[in-house]
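Take a look at the letters that make up each chain.
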Amino acid sequence: MSKLKIMLNGIIKENPTLVLVLGTCPTLAVTTMAVNGLGMGVAATLVLICSNVVISLLKKVIPDKVRIPAYIVIIAGFVTIVSFLLQAYAQEVYDALGLFLPLIVVNCIILGRAEMFASKNSVGDSFFDGLGMGLGFTLTLVLMGSIREIIGMGTWFGLPITKGLVSPMTIFSLAPGGFFVFGVLVALVNKLTKGKVLKKRKSACAGCPSAGACNQQEDCASAQQ
Amino acid sequence: MKEILMILVSAIFVNNFVLSKFLGICPFLGVSKNLKNAIGMSVAVIFVMTMATAVTWPIYHYLLAPGYAYMQTVVFILVIAALVQLVEIILKKYIPALHKALGVYLPLITTNCAVLGVALLNITEEYAFVPSLFNAVGAGVGFLVAMVMFSGVRSRVETADVPKSFQGLPSILIAASIVALSFMGFAGVVDGLFL
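Residues numbered from 1 in each chain as written. Chains lettered and ligands numbered in written order. Predicted model: local features only at pLDDT ≥ 70, side-chain atom pairs only at ≥ 80, totals over all residues. Heavy atoms only, no water.

On a plain count of helices and strands, chain B comes out with 10 helices and 0 strands. Beginning at the N terminus, the succession of helices and strands in chain B can be written as α-α-α-α-α-α-α-α-α-α. Against the 2.2 N^0.38 benchmark of 16 Å for 195 residues, chain B shows a C-alpha radius of gyration of 18 Å, consistent with a compact globule. Across its three principal axes, chain B shows a C-alpha extent of roughly 60 × 45 × 30 Å. A buried classification covers 53% of the 195 residues belonging to chain B. If you take every contact in chain B between residues at least 6 apart in sequence, the share linking residues at least 24 apart comes to 76%. Approximately 8,700 Å² of chain B is accessible, and the part contributed by carbon and sulfur atoms is 70%. (Helix = DSSP H or I, 4+ residues; strand = E, 2+ residues; numbered from the N terminus. Rg over C-alpha atoms; globule rule 2.2 N^0.38 Å. Buried < 20%, exposed > 50% of the residue type's maximum accessible area, 1.4 Å probe, protein only. Contact = heavy atoms within 4.5 Å. Areas by Shrake-Rupley, 256 points an atom, 1.4 Å probe, with all protein chains shown as cover.)

In structure tokens:
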């Protein structure tokens, strides 16, 4: 597989949020404004690239039995570094993301890619996989953030858009709006791909670190259909 | 006493972890399909959340706070992962009946953002030890309430005739949106109750 293909795979064909439906918590929580979505996306992308590269480098060293704790420690290390960087250079984004910054550790996208891709592929491929998946995640977050910010607050990246035309529907900035916009976007993806993505979603379970121990696999797969 | 009641009501209803804080969405969407699994999962979450808080709070305040606060994320996730393993082993050995009921759900919980979330929240909110424990219990019970309610909603959605593109996940998300809307009715209740 060429590097470009690996990257595009993450952005479109296996978009982590809309096709694989991984990492739903940050997707719903931080997308109240486009700029927060962008911040979260960039932070997660940095962690994803770094952890993918390191895990791919260490794939022969890490014993199979303790691989999940090892991955978690590597990821947590990079999350700490990224949150320091944000705190130093982008204080506003750091404050807006709040709790969800340390929670990148348990973002299923990152652990899922470590398990499904980085632990089996070369360092270069893992880098591009991380970049592609990260970009896919970022784009989705910015898209969702834009929709919710424009409808909910009448602004886009802080610029007034619908001022004087329509009054903002605050509900879109609140929790119910998050579920609603996400539901509509997933339905749109279903419509555009004519249901082809449903098969992919089943394999998302394989990316879950607990899949082996999980008796819910059938349930989980059918729940996502 | 008043503070603890306020924390409980706030964690269960007003700031419900799933429906207003968006923590623990994956199990909320994945396991809420039938009532039995929903309850099993929620009880396991309450259990692990309380245990995790009981362990991470002293670790943070006595070991990390004097100078190593930046290790918070790494230490917390490791402690929670180890704790879940330990609980599973102990339950298996000594209380097999409980292990049988909760065992399936325990490994799933390690990487549940609600558990790490409540441990981190207790630190950022600067709760003392006992209020932290109640916050954890409240968050867990809030999860249970959301799961049980939603599994009921979901069994109706599943048999409903929805447009093809909306079948499955999208219709579930939109149902969740309406359930979240109903929980917004609790906003401000805490202040009114305890004034």
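Resuming the write-up.
With respect to the element layout, Ala180(B) can be found in helix H9 (residues 169-183). For Ala180(B), a relative accessible area of 2% translates into the label buried. Excluding residues that lie within four positions of it along the chain, Ala180(B) makes contacts with Pro176(A), Phe179(A) and Leu19(B).

This part takes up the interface of chain A and chain B. Each partner contributes to the interface: chain A provides 44 residues, whereas chain B provides 46 residues. For the pair chain A and chain B, the two sides together bury roughly 3,800 Å², of which 78% comes from carbon and sulfur. Seen at the junction of chain A and chain B, the total is 0 salt bridges. On inspection of chain A and its partner chain B, the count reaches 2 residue pairs in polar contact (both at pLDDT 80 or more). Broken down by secondary-structure element, the contributors of at least two residues to the side of chain A that touches chain B are helix H2 (24-30), helix H4 (67-89), helix H6 (108-118), helix H8 (175-193) and helix H10 (217-223) of chain A. Considering each element in turn, the side of chain A that touches chain B owes the most residues, 12 residues, to H8(A). Its residues placed into classes, the side of chain A that touches chain B shows 30 nonpolar, 12 polar and 2 charged. (Buried area = accessible area lost by both parts, 1.4 Å probe. Salt bridge = Lys/Arg side-chain N within 4 Å of Asp/Glu carboxyl O. Polar contact = N/O pair within 3.5 Å; in protein donor to acceptor, adjacent residues only side chain to side chain. Nonpolar A, V, L, I, M, F, W, Y, C, P; charged D, E, K, R; others polar.)

Attention now goes to the pattern of salt bridges. Residue and element names in this part refer to chain A. Enumeration over the complete set of coordinates arrives at 5 salt bridges over all chains. For the salt bridge of Arg67 with Asp64, the shortest nitrogen-to-oxygen distance reads 3.5 Å. In this structure Arg67 comes out as partly exposed when scored by relative accessible area, which is 24%. Here Asp129 makes a salt bridge to Arg113, at a shortest N to O gap of 2.9 Å. Taken together, the residues span a long stretch of sequence, with Asp129 in helix H7 (residues 123-153) and Arg113 in helix H6 at a distance of 16 residues. For the residue pair Asp129 and Arg113, the accessibility class agrees, reading buried in each case. Residues joined in a network through salt bridges with shared partners are Asp64, Arg67 and Glu115.

Attention shifts here to the packing of aromatic side chains. Residue and element names in this part refer to chain B. In this structure the tally under the stated criterion is 10 aromatic pairs over all chains. A ring pair is formed by Tyr60 and Phe76, whose centres lie 6.4 Å apart and whose planes are at 80°; its orientation type is edge-to-face. Taken together, the residues span a long stretch of sequence, with Tyr60 in helix H3 (residues 35-64) and Phe76 in helix H4 (residues 72-94) at a distance of 16 residues. As far as burial versus exposure is concerned, Tyr60 and Phe76 are alike and both buried. (Phe/Tyr/Trp six-rings, centres within 6.5 Å; stacked < 30°, edge-to-face > 60°.)

In this section: the packing of helix H3 (residues 34-57) of chain A against H7(A). All names here are of chain A. In the contact formed by H3 and H7, the axes pass within 8 Å of each other and the chain directions differ by 165°. Relative to H7, H3 is oriented roughly antiparallel. As for the relative orientation of H3 and H7, their crossing is right-handed in sense. Residues that form the contact of H3 with H7 fall into these classes: 18 nonpolar, 11 polar and 2 charged. (Axes fitted to C-alpha atoms, helices over the stretch in contact; angles between N-to-C directions. Parallel < 35°, antiparallel > 145°, perpendicular 65-115°, else oblique. Left-handed = near helix turned anticlockwise from the far one by under 90°.)

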